[in-house]
Amino acid sequence: MEYGEEAIHKLYKAANEPEYWKDAAGAIAELTGGGAVHLLLASFDTRYEYVNLFTRDEIGFAAEYIRDYAAIDFRVPRVMARPLGSFADEREYVSEDDARNSPIHQELLPRYGIYNISGANLCLDGCIGWFGISTSGPTVDFDNRQREYLKQLSRHLLNACRISMTHQDLQMARERSLGSLDLFQAGLFLLESGRVVHANDAATRLITEGFFRLRSDRLSCTAATANSQLATFLSRAAGQRSQPLLLRQHEREAAYLVSVNDLFPRYAGNGSVEHSAYQAVTITELNIPTHIDLDEVLLFCSSCGVTPAEAMTVHASLNSISLASFAEMRGIGLDTARQQLKSALTKMDLGSQKKLFRAFERYRLVTPGHCDGSNVA
């Protein structure tokens, strides 16, 4: 294999499998004798990070830079003005006077041992993007061969970032589509100032079954305990991102997952965001045997951005329910269930269901009182 080809192969592998970006960045630093490597590609509009990697992240540089220095970084517009994928030494657009008067160069970079940064503009459509690499010491520079290689590599990095962005956008679109399909199985109530103004067919069926009801156009439950839980949940959920509420109908041995989201947030005169007068309440009936409680699994998944639909596949897996049986009980396609479980495992950084079981057991061991039943009626 020719000089540097292995690192390029790793880049394109990372473009398709983002968990390999760190491996690719490490290969670049090792091959060129460089120091820290920074890769960033993030949406201006949504702040979604397609790639955000700093090879020395454990020392806290990235967090400190974002918190204290990003807003005053004069280099950003200068980098963005350069041609896409064009590699350059920072000293081409940062003068000695600039560096002497820059807190970034005088305080931050020396403290973390970051020297003589070179890099490339990777600002693809709607995103801020950057590849940066430092030398290994203040008196060290890249030689001509290394610099020529980094110029070639920057073009590959731009292509790899474009591929990664496309793949992740398609994945997110697929997940949104799967989430929309789930709504056909869920009861959807649209509320204005707490009153139901619209209910889909599934919501109407829930009302007909008798556990949920409408009183003066307000959503409630016929069971006193469940009704109290629901009222408290809906009042507290306004303007917040709350964990879903699990309600049980003991007579039918049925369970319902209730979630609420604000719609159309309002802006106060001082520029702050108030909670919306409009909410969407979704209720999904769960007909799944519960050896491990779903509310416990929801807590287990909550810190990783796992959606309720994805958490239900985790719950099924932990209870040794086949995805085929789970999909049939939920009335969804098997491929949908597989994709939801795969997405959940990815978000939790678990490569297999075997690792899922181990992680859940560790969660139970280190989290005393992790499931107190406060959200269960």
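The model shown is predicted, which means the values in this text are computed figures rather than measured ones. Counting of residues starts from 1 at the beginning of each chain's written sequence and follows it residue by residue. A pLDDT threshold of at least 70 governs which residues receive local features in this predicted model, and a stricter bar of 80 or more applies before side-chain atom pairs are shown or counted, although totals over entire chains, interfaces and linings include all residues. Hydrogens and waters are ignored; side-chain quantities use all the structure's heavy atoms.

**Comments concerning the packing of aromatic side chains**
Stacked, edge-to-face and tilted are the three classes for Phe, Tyr and Trp ring pairs, Trp counted by its six-membered ring, which pair at centre distances within 6.5 Å; planes under 30 degrees apart are stacked, over 60 edge-to-face, the rest tilted. For the structure on display, the rule yields seven aromatic pairs. Ring geometry for phenylalanine 211 versus phenylalanine 212: centroids 5.1 Å apart, planes at 85 degrees, classification edge-to-face. Phenylalanine 212 carries the same exposure label as phenylalanine 211, and that label is buried. Ring centres of phenylalanine 300 and tyrosine 363 lie 5.2 Å apart, and the angle between their planes is 55 degrees; on these two criteria the pair is classed as tilted. Remark: tyrosine 363 occurs in helix α14 (residues 353-366) and phenylalanine 300 occurs in helix α10 (residues 294-301); sequence separation between them is 63 residues. An aromatic cluster of three or more residues is present, and its members are Phe211, Phe212 and Tyr256. Across the ring face of tyrosine 20, the terminal group of lysine 13 is positioned such that the distance to the ring centre comes to 4.1 Å. Buried residues are those whose accessible area, probed at 1.4 Å on protein chains only, stays under 20% of the maximum for their type, while exposed residues exceed 50% and partly exposed ones sit between those limits. Only runs of H or I of at least four residues qualify as helices and only runs of E of at least two qualify as strands under DSSP, and these elements are numbered from the N terminus. Throughout this description, the term charge over a ring refers to an Arg CZ or Lys NZ atom that lies within 6 Å of the ring centre and within 35 degrees of the ring normal.

**Points about the sheet that holds strand β14 (residues 278-286)**
A pair of strands is considered paired only if DSSP assigns at least 2 bridges between the two. What the five strands build is an open sheet, ordered β7-β6-β14-β11-β10; its pairing is antiparallel. Whereas interior strands pair on both sides, the edge strands pair on one side only; in this sheet they are β7 (195-199) and β10 (245-249). When the angles between neighbouring strand axes are averaged without regard to direction, this sheet yields 30 degrees. The pairing of strand β6 (residues 187-192) with β7 spans four bridges and is classified as antiparallel. To define axes, lines are fitted to C-alpha atoms, for helices over the stretch in contact only, and angles between the resulting N-to-C directions are given on a 0 to 180 degree scale.

**Observations regarding the confidence of the model for the chain**
The pLDDT value expresses, per residue, how confident the predictor is, ranging between 0 and 100. For the chain, per-residue confidence averages 82 on the pLDDT scale, and 85% of positions sit at 70 or higher. Confidence, read as mean pLDDT per element, is least for strand β12 (residues 266-267) in the chain (45) and greatest for strand β9 (residues 218-221) (95). The low-confidence segment residues 266-273 (pLDDT under 50) makes nine contacts with residues lying over four places distant or belonging to another chain. Residues are treated as being in contact if the distance between any of their heavy atoms lies within 4.5 Å. Throughout residues 370-377 the model reports pLDDT below 50, and contacts reaching past four residues in sequence, or to other chains, amount to 24 contacts.

**Thoughts on unusual backbone geometry**
With a phi angle near 65 degrees, aspartate 217 is a residue other than glycine that sits in the positive phi range. Notably, aspartate 349 is not glycine yet its phi reads approximately 60 degrees, a positive angle. Tracing the sequence through the fold places aspartate 349 in the loop between α13 (334-347) and α14. Relative accessible area serves as the criterion here: at 69%, aspartate 349 is assigned to the exposed category.

**Focus: the side chain of histidine 38**
Mapped onto the elements of the fold, histidine 38 is located in strand β1 (residues 37-43). Once residues lying within four places of it in the same chain are set aside, the contact partners of histidine 38 are Asn52, Leu53, Phe54, Trp130, Phe131 and Gly132.

**A short note on the pairing of β1**
Most of β1 sits out of view: seven of its seven residues are buried. Residue alternation in β1 divides its side chains into two sets, Val37, Leu39, Leu41 and Ser43 and His38, Leu40 and Ala42, and both sets are buried. With seven bridges joining them, β1 and strand β5 (residues 127-135) adopt antiparallel strand pairing. Within the sheet, the bridge partner assigned to serine 43 lies in β5 and is cysteine 127.

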